[in-house]
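Residue-level structure breakdown
One letter stands for each residue in the lines below.
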Amino acid sequence: MRQIGNTTSYRESLRQKILETALPLFKRNGVRAVKMDDIANKLGISKRTLYELYNDKEDLLVECIKLDNDLRYKKITEYAETQENEMNIIAYALKFQLDNLTDTNILFFTELHKYSKIVALLLENKEKQRKNTSKFVRRCIDHGYFRDDLNYDIVDCISDAALDYVMREKIYQKYSWKEIIYTFLILHLRGCCTEKGFKFLEEIVEEFITND
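What counts, and at which threshold
Residues numbered from 1 in each chain as written. Predicted model: local features only at pLDDT ≥ 70, side-chain atom pairs only at ≥ 80, totals over all residues. Heavy atoms only, no water. Helix = DSSP H or I, 4+ residues; strand = E, 2+ residues; numbered from the N terminus. Buried < 20%, exposed > 50% of the residue type's maximum accessible area, 1.4 Å probe, protein only. Contact = heavy atoms within 4.5 Å. Areas by Shrake-Rupley, 256 points an atom, 1.4 Å probe, with all protein chains shown as cover. Lys, Arg positive; Asp, Glu negative; His and termini not counted. Charge placed at Lys NZ, Arg CZ, Asp CG, Glu CD. Core = buried A, V, L, I, M, F, W, Y, C linked by side-chain atoms within 4.5 Å. Axes fitted to C-alpha atoms, helices over the stretch in contact; angles between N-to-C directions. Parallel < 35°, antiparallel > 145°, perpendicular 65-115°, else oblique. Left-handed = near helix turned anticlockwise from the far one by under 90°. Nonpolar A, V, L, I, M, F, W, Y, C, P; charged D, E, K, R; others polar. Expected span 1.5 Å × (residues − 1). Arc of directions from axis to C-beta. Polar contact = N/O pair within 3.5 Å; in protein donor to acceptor, adjacent residues only side chain to side chain.

Within the chain, the regular secondary structure consists of 10 helices and 0 strands. Its helices and strands taken in sequence order, the chain reads α-α-α-α-α-α-α-α-α-α from the N to the C terminus. Its C-alpha atoms put the chain at 65 × 45 × 30 Å along the principal axes. Counting across all 212 residues of the chain, residues that qualify as buried make up 34%. Partitioning the intrachain contacts of the chain with sequence separation of at least 6 by distance along the chain shows that 71% fall at a separation of at least 24. When the accessible surface of the chain is summed, it comes to about 13500 Å², and 52% of that surface belongs to carbon and sulfur atoms. Side-chain charges of the chain comprise 34 positive and 35 negative groups, with the mean position of each set lying 6 Å from the other.

Below, the discussion takes up the nonpolar core. Grouped together as the largest cluster of nonpolar side chains are 54 residues, with contacts concentrated most on Ile18, Phe26, Ile39, Leu60 and Phe146. If you tally residues by element for this core, the top one is helix 1 (residues 2-29), at 7 residues.

Where helix 5 (residues 86-103) contacts helix 10 (residues 195-210), the two axes come as close as 10 Å, and the packing angle between them is 30°. With respect to helix 10, the element helix 5 is oriented roughly parallel. Crossing hand, helix 5 versus helix 10: right-handed. Along the contact surface, helix 5 presents Met87, Ala91 and Leu98, while helix 10 presents Gly197, Phe200, Leu201, Ile204 and Phe208. In the contact of helix 5 with helix 10, the residues fall into 7 nonpolar, 1 polar and no charged.

Attention now moves to helix 8 (residues 152-168). An ideal rise of 1.5 Å per residue puts 24 Å on 17 residues; helix 8 measures up with 24 Å between its terminal C-alpha atoms. Listing the buried residues of helix 8 in full gives Tyr152, Asp156, Ser159 and Val166. All buried residues of helix 8 fall inside an arc of 85° around its axis, so they share one side. Of the exposed residues in helix 8, those oriented more than 90 degrees away from the buried face are Asp153 and Arg168. As for helix 8, its buried residues are in contact with helix 7 (116-142) and helix 9 (177-192). The opening residue of helix 8, the one whose side-chain oxygen lies 3.0 Å from the backbone nitrogen of aspartate 153, is asparagine 151. Remark: lysine 170 follows helix 8 within two positions and exhibits a positive phi of approximately 55°.

Attention now moves to the packing of helix 5 against helix 7. Between helix 5 and helix 7, whose axes approach to 10 Å, the crossing angle comes to 140°. Of the possible angle classes, the one that applies to helix 5 and helix 7 is oblique. Two secondary-structure elements touch here, helix 5 through Glu86, Ile89 and Ile90 and helix 7 through Phe136, Arg139 and Cys140.

Laid out in structure tokens, this is it:
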């Protein structure tokens, strides 16, 4: 019985190591460029062992995306728990997103949509994020940072459409991600702010401009 327990523990530990190895490879090189052989060789295991734990690259990629989302959610949530000002949380989340975009090969994002399981997962994640965003916006309104006369479901849809356009038309090839996010700050976020929120937003924008 002890041996079974140890075997299970080892397999779970190995699954985690595979994810922690595969995720940065995918993000640095893009999905198609990374082969299962590359991951197995990086870990010093056989490809057979890798396939015993993950049926194929798409299944492995699904778990990598889940891990990436969990890590991002954990970091932002931990930061949010130390803050009373929602505008500081917005600034942190935008900075975190900028760092992620800057450090990730654009092929990683564009190639994800070629996998049906990933598309389904992204849609599921977007719905969860929409619910979390709705709660957060309510806090911003209650604390006087956001206007209470806007339909934020529409704002959310417009923001999603803008991001989709940036990716589809490859705007990131012409402008840096920092300039794109800065434009989002001015164009979308400023319109949501009350006078109180606008004062904090100006500080975010100023720090965003000067912090390279």
